[in-house]
Amino acid sequence: YLINTDGTNRTRLTQDEGDNTGPVWSPDGERLAFVSDRDGNREVYVMNADGSEPVNLTKHDAEDWTPTWSPDGRRLAFASFRDGNWEIYVMNADGSNQQRLTDSPGADYSPAWSPRGDAIAFVSDRTGNLEIHLMAPDGSEVRAVTSDPATDQAPAWSHDGTQLLWESYRDGNMEIMAMNVADQEPRNLTQDHYADDHGGTFAPDGEAIAYFSNRDG
């Protein structure tokens, strides 16, 4: 669905019987990437912002999901199980030139393209547990930016590309963490030891963070 920011004019964009989830705006606001199982398994689709002309980009028998746009809108990164485990792939915005970026026996997923275009953050258990990693857009220069025995997941960039948010269970419950990418020092933003906090996302000016929590029951 599409809705105005004041809650008015709710419009249904998808009309099929499948599950359609995870819409992501293109940088120019003209298109939406999303995941749909309308063809029998989860695939990455793109449609116009009014819901017209949906196109299956991945067209593969394996599961494909969690698309993220490059800042110029010319490419999409996504996670796929097509090689027998979760890996990160990239393709042109029309679905052509699909290429594998990661090559790990572990699971690599949840890519998030930096607004600067110079890095892709993702989740991987290649070191034995789920950590946040960065790599160049061509798949080189892979490095972990978190290192903790607990789960670290769901990376999200600030709009200037200088900070990362993620979810971490390192304090015994799920909290929203942040770091400056330059120094990689983690900061616990939510600090509620009795609740789980998820879905952190930066405001455009970087001065606020929205998230959801079960702290009120």
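Residues numbered from 1 in each chain as written. Predicted model: local features only at pLDDT ≥ 70, side-chain atom pairs only at ≥ 80, totals over all residues. Heavy atoms only, no water.

### Re the nonpolar core
Judged by nonpolar contacts, the single largest core of 26 residues is most densely connected at Leu 134, Trp 157 and Leu 164. Counting only elements with at least two residues in this core, the list comes to strand E6 (75-80), strand E7 (87-92), strand E9 (108-113), strand E10 (120-124), strand E11 (131-135), strand E14 (163-168) and strand E15 (175-180). With 4 residues, the top contributor of residues to this core is E10. Filtering out sequence-adjacent residues up to four positions away, Leu 134 remains in contact with Ile 120, Ala 121, Phe 122, Glu 141, Val 142, Arg 143, Val 145, Trp 157, Leu 164 and Val 181. Of all hydrophobic cores here, the second largest spans 10 residues; its members include Ala 33, Leu 57, Trp 69 and Met 91. (Core = buried A, V, L, I, M, F, W, Y, C linked by side-chain atoms within 4.5 Å. Buried < 20%, exposed > 50% of the residue type's maximum accessible area, 1.4 Å probe, protein only. Helix = DSSP H or I, 4+ residues; strand = E, 2+ residues; numbered from the N terminus. Contact = heavy atoms within 4.5 Å.)

### Focus: the packing of aromatic side chains
Remark: the centre distance and the inter-plane angle together describe each pair of aromatic rings, the angle taken between the planes. All chains considered together, the criterion is met by 4 aromatic pairs. A ring pair is formed by Trp 65 and Trp 86, whose centres lie 5.3 Å apart and whose planes are at 45 degrees; its orientation type is tilted. Of this pair, Trp 65 sits in strand E5 (residues 64-69) while Trp 86 sits in the loop between E6 and E7, and the two are 21 residues apart along the sequence. You can call Trp 86 buried: its relative accessible area is 17%. Members of the aromatic cluster, connected to one another through ring pairs, are Trp 65, Phe 81 and Trp 86. Note that Arg 82 overlies the ring of Tyr 89, its terminal NZ or CZ placed 5.0 Å from the centroid. (Phe/Tyr/Trp six-rings, centres within 6.5 Å; stacked < 30°, edge-to-face > 60°. Lys NZ or Arg CZ within 6 Å of the ring centre and 35° of its normal.)

### Section: the sheet that holds strand E2 (residues 31-36)
Strands belonging to one sheet form pairs held by backbone hydrogen bonds; the direction of such a pair is parallel or antiparallel. One open sheet holds the 4 strands; their spatial order is E1-E2-E3-E4, and the pairing between them is antiparallel. Two strands in the sheet have a free side with no partner beyond their single neighbour: strand E1 (20-25) and strand E4 (55-56). Pairing of E1 with E2 involves 4 bridges; the strand directions are antiparallel. Looking at E2, one finds that Trp 25 is bridged to Leu 32. (Pairing = 2+ DSSP bridges.)

### Observations regarding the pairing of E6
Along E6, 5 of the 6 residues are buried, which leaves the element largely enclosed by surrounding structure. Two elements, E5 and E6, share 4 bridges in a ladder whose sense is antiparallel. Bridging across to E6, Trp 65 finds its partner in Ala 79. Where E5 hands over to E6, the hairpin turn is made up of 5 residues, of which Gly 73 adopts a positive phi near 75 degrees. Counted along the chain from E6 to the antiparallel partner E7, the turn is 6 residues long, and its residue Gly 84 has a positive phi close to 95 degrees.

### A short note on the environment of Asn 20
Here Asn 20 lies in strand E1. Sequence-wise, Asn 20 and Arg 38 are 18 residues apart; in three dimensions their C-alpha atoms are separated by 7.9 Å. Each residue touching Asn 20, except ones within four places of it in the same chain, is listed here: Thr 14, Phe 34, Val 35, Ser 36 and Arg 38. Of note is the side chain of Asn 20, whose polar atom sits 2.7 Å from the side chain of Ser 36. Polar contacts involving the side chain of Asn 20 include one to the side chain of Arg 38, which spans 2.8 Å. (Polar contact = N/O pair within 3.5 Å; in protein donor to acceptor, adjacent residues only side chain to side chain.)

### A look at the sheet that holds E7
Strand order across the open sheet formed by 4 strands is E5-E6-E7-E8, with antiparallel pairing between neighbours. The sheet is open, and its two edges are formed by E5 and strand E8 (99-100), each paired on a single side.

### Overview of unusual backbone geometry
Among all residues save glycine, negative phi is the norm, and among peptide bonds the norm is trans. Phi at Lys 59 is positive, roughly 50 degrees, even though this residue is not glycine. Structurally, the position occupied by Lys 59 is in the loop between E4 and E5. For Ser 110, which is not glycine, the phi dihedral falls at a positive 55 degrees. As for its placement among the helices and strands, Ser 110 is situated in strand E9.

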